[in-house]
Amino acid sequence: DMAGMDGTSTVEEMMSTLPTVLATAGPSGEPDASATAFRKNGGGYLNHKMYFATMSPEPQSEPTPGSPLAQAIDTSFGSWADFQEEMTNAAATVFGSGWAFLVLDPVTGELSVIQKPNQDSPYMDGLIPLLGIDVWEHAYYLLRGPDRGDYISAWWDVVDLAKVEEAFARVTAS
Amino acid sequence: MSTMRANIAKGGTMKVAKGVRGVRSVRAKASAVPLPDLPYDYGALEPYISGDIMKLHHQMHHGTYVKNFNGLLEKQADFEQKGDYASLISIQQAIKFNGGGHVNHSIFWKNMCPKSDYAPPSGALGKKIDETFGSLEALETKMSAMAAGVQGSGWGWLAYDPAKDNIFVTTTSNQDPLVTQGNYVPLLGVDVWEHAYYLQYKNKRPDYLSNFFEVVNWKDVEERYNAAT
């Protein structure tokens, strides 16, 4: 039985205990089946929740100048443009199904861009996702066919930095 | 004059002692891998797999794997020529992705045929399927379940294990070729990357799988089995 499945932990907390649970092999050497299912569905739930929450038909396309998020991006990446390039490249080079994320390391306070396969969540690494782009084929295939690059460009047009700033304020306050 | 030079002067063949290497070309060349043609028209598998999917799948997806694979093979030959083994190793993941994509799709196209040419398995393979799974239907149910359960992108396989002389169903992720799991022979593969079905079946992977089994070219699968056994 998985740690945290007693109803008192958040989904995020449970995701962060997963690496330990998954690494502990059962009697037959197989990883815990319920943990694997949770990784897929819990991760999928968290990832898509954030994905849809950070897009908008009338988005704020860049961080507010001088805001804590803008400063953190400049510190960690050099500039907004540098961050965009790194995020775009990470999204474009995921092989198979997965995500690219802008994450905050709560220990160091640093921002970085990471890739994750399938529906794995950055919470599994102890990182907090602030922004993510789904690059599973289902995210773009019906509208754009195989052209992932085109989809990534279009995604930047609907990313709402106001939402990301809100999330950043929430996680840095705690 | 040595015997060798005498032979060359006479216009005869040059006998080279064993272990003596010929002159290496200045720049090592890798031979280009071609994108194989489909054994049928793009629309030939309809209504089970749409012509739109087959065209995109072959030209864009398999085509891109071949293009990338060729570029990587050239780089690899170059690194090997220069003795830059660190760089050679650094591109192996990409070679597995793209080369695997080429290997897997080359099998896949041949594993299918138009419905009008469909015949269930017979002969030695037919017998082995019944012995192992109980029936063709049971094999299809098991293989569909496993392929449907692949998380993210990957493949379902009917495979042959030469060491145990048995056939079994398994899956691989992304474009990993079957051999990455062991010394197994791929008999039948089904692509469960979303690009293989999304335009027609949306997220209903099980529907795609039951339709896939309507167009399996069991003759091709039998040939692979017979070649391996």
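Under the annotation held in an unreviewed UniProt entry, chain B carries the name Superoxide dismutase and is attributed to Chloropicon primus. In its Subcellular location (unreviewed entry) section, UniProt records this for chain B: "Mitochondrion matrix". According to the UniProt record, the Catalytic activity (unreviewed entry) comment for chain B is "2 superoxide + 2 H(+) = H2O2 + O2".

As named in an unreviewed UniProt entry, chain A is superoxide dismutase, taken from Chloropicon primus.

**Student:** Just to check I follow, could you spell out the sheet that holds strand β2 (residues 166-173) of chain B for this structure?
**Tutor:** Working definition: the strands of a sheet are paired by backbone hydrogen bonds and lie parallel or antiparallel to each other. All names here are of chain B. Ordered by their spatial adjacency, three strands build an open sheet running β2-β1-β3, and the pairing between neighbours is antiparallel. In this open sheet, the two edge strands, each paired with only one partner strand, are β2 and β3 (185-191). The average angle at which neighbouring strand axes cross in this sheet is 25°, direction not considered. Pairing analysis gives eight bridges linking strand β1 (residues 154-161) to β2, with the strands arranged antiparallel. Looking across to β2, one finds that Trp-157 is bridged to Thr-170. Along the sheet, helix α6 (residues 136-148) makes contact with β1, β2 and β3, crossing β2 at roughly 20°.

**Student:** Where do I start with the UniProt feature "binding site: Mn(2+)" (unreviewed entry) in chain B in this structure?
**Tutor:** Residue and element names in this part refer to chain B. In the numbering adopted here, UniProt assigns the feature "binding site: Mn(2+)" (unreviewed entry) to His-57, His-105, Asp-191 and His-195. In summary, the annotated positions, though distributed over 139 residues, converge in three dimensions, the widest C-alpha pair being only 12.6 Å. For the largest pocket, the lining residues drawn from the annotated set are His-195. With respect to the helices and strands, the residue His-57 is situated in helix α2 (residues 51-82). Setting aside residues up to four positions removed in sequence, His-57 forms contacts with His-62, His-105, Phe-108, Trp-109, Asp-191, His-195 and Ala-196. Considering the arrangement of structural elements, one finds His-105 in helix α4 (residues 92-110). Aside from chain neighbours lying at most four places away, what touches His-105 is His-57, His-62, Tyr-65, Trp-155, Gln-175, Asp-191 and His-195.

**Student:** Even after reading the chapter, I still don't get the nonpolar core, so can you show me in this structure?
**Tutor:** For soluble globular proteins, the rule of thumb is that nonpolar side chains tend to be buried together. Judged by nonpolar contacts, the single largest core of 49 residues is most densely connected at A:Phe83, A:Leu111 and A:Ile133. The dominant element in this core, judged by the number of residues it contributes, is strand β1 (residues 98-104) of chain A, at six residues. Excluding residues that lie within four positions of it along the chain, A:Phe83 makes contacts with A:Ile73, A:Phe77, A:Leu102, A:Val113, A:Leu131 and A:Trp156. If you look at the next biggest cluster of nonpolar residues, it comprises 48 residues, including B:Met112, B:Ile129, B:Tyr160 and B:Phe213.

**Student:** Can you walk me through the UniProt feature "domain: Manganese/iron superoxide dismutase C-terminal" (unreviewed entry) in chain A in this structure?
**Tutor:** When the UniProt feature table is mapped onto this chain numbering, "domain: Manganese/iron superoxide dismutase C-terminal" (unreviewed entry) sits at residues 67-166 of chain A. Helix makes up 43% of residues 67-166 of chain A and strand 21%, and the two end C-alpha atoms of the span are 11 Å apart.

**Student:** How should I be thinking about the packing of helix α1 (residues 11-23) of chain A against helix α2 (residues 33-53) of chain A in this particular structure?
**Tutor:** Between two packed helices, the angle of one axis relative to the other and the distance separating the axes together describe the packing. Residues and elements named next belong to chain A. At a minimum axis separation of 10 Å, α1 and α2 run at an interaxial angle of 145°. Here α1 and α2 pass one another in a crossing that is left-handed. Contacts between α1 and α2 involve Val-11, Glu-12, Met-14, Met-15, Leu-18, Val-21 and Leu-22 from the first element and Ala-35, Thr-36, Phe-38, Arg-39, Gly-42, Gly-43, Tyr-45 and Leu-46 from the second. A breakdown of the residues in the contact of α1 with α2 according to their chemical character gives 10 nonpolar, three polar and two charged.

**Student:** I keep staring at the UniProt feature "domain: Manganese/iron superoxide dismutase N-terminal" (unreviewed entry) in chain B and nothing clicks. Help me out?
**Tutor:** Using the residue numbers shown here, the UniProt feature "domain: Manganese/iron superoxide dismutase N-terminal" (unreviewed entry) corresponds to residues 35-113 of chain B. Along residues 35-113 of chain B one finds 72% helix and 0% strand; the C-alpha atoms at either end are 19 Å apart.

**Student:** Just to check I follow, could you spell out the sheet that holds β1(A) for this structure?
**Tutor:** Residue and element names in this part refer to chain A. Across the sheet, three strands lie side by side as β2-β1-β3; this open sheet has antiparallel pairing. Edge positions in the open sheet fall to β2 (111-117) and β3 (128-134), since each of these has one partner strand only. With direction set aside, neighbouring strand axes in the sheet form an average angle of 25°. Docked against the sheet, helix α3 (residues 68-77) engages β1 and β2, running at close to 80° with respect to β2.

**Student:** I keep staring at the packing of helix α5 (residues 123-133) of chain B against helix α9 (residues 218-228) of chain B and nothing clicks. Help me out?
**Tutor:** All names here are of chain B. At their nearest, the axes of α5 and α9 sit 8 Å apart, and the two run at 90° to each other. In terms of their interaxial angle, α5 and α9 are classed as roughly perpendicular. Residue-level contacts link Ala-124, Leu-125, Lys-128 and Ile-129 of α5 to Trp-218, Val-221, Glu-222, Tyr-225 and Asn-226 of α9. For the contact of α5 with α9, the per-class residue count stands at six nonpolar, one polar and two charged.

**Student:** Which parts of the structure should I look at to understand the interface of chain A and chain B?
**Tutor:** When the parts of a complex come together, some accessible area is lost, and that lost area is often used as the size of the interface. Contacts between chain A and chain B engage 12 residues on the former and 16 residues on the latter. With both sides pooled, the region where chain A packs onto chain B buries about 1,500 Å², and carbon together with sulfur makes up 65% of that total. Considering only the surface of chain A that becomes buried against chain B, A:Phe95, A:Glu137 and A:Tyr141 emerge as the three largest contributors, covering 44% of it. There are zero salt bridges connecting chain A and chain B. Run the count over chain A and chain B and you get five residue pairs in polar contact (both at pLDDT 80 or more). When residues of the side of chain A that touches chain B are traced back to their parent elements, those giving at least two are α2 and α5 (141-144) of chain A. Class assignment of the residues belonging to the side of chain A that touches chain B gives a composition of five nonpolar, five polar and two charged.

How each quantity is defined
Residues numbered from 1 in each chain as written. Chains lettered and ligands numbered in written order. Predicted model: local features only at pLDDT ≥ 70, side-chain atom pairs only at ≥ 80, totals over all residues. Heavy atoms only, no water. UniProt positions renumbered as here; feature names shortened; annotations may be inferred. Pairing = 2+ DSSP bridges. Helix = DSSP H or I, 4+ residues; strand = E, 2+ residues; numbered from the N terminus. Axes fitted to C-alpha atoms, helices over the stretch in contact; angles between N-to-C directions. Contact = heavy atoms within 4.5 Å. 1 Å grid on protein atoms, 1.4 Å probe; cavity = no way out; pocket = protein on both sides within 12 Å on 5 of 7 lines; lining within 4 Å. Core = buried A, V, L, I, M, F, W, Y, C linked by side-chain atoms within 4.5 Å. Buried < 20%, exposed > 50% of the residue type's maximum accessible area, 1.4 Å probe, protein only. Left-handed = near helix turned anticlockwise from the far one by under 90°. Nonpolar A, V, L, I, M, F, W, Y, C, P; charged D, E, K, R; others polar. Parallel < 35°, antiparallel > 145°, perpendicular 65-115°, else oblique. Buried area = accessible area lost by both parts, 1.4 Å probe. Salt bridge = Lys/Arg side-chain N within 4 Å of Asp/Glu carboxyl O. Polar contact = N/O pair within 3.5 Å; in protein donor to acceptor, adjacent residues only side chain to side chain.

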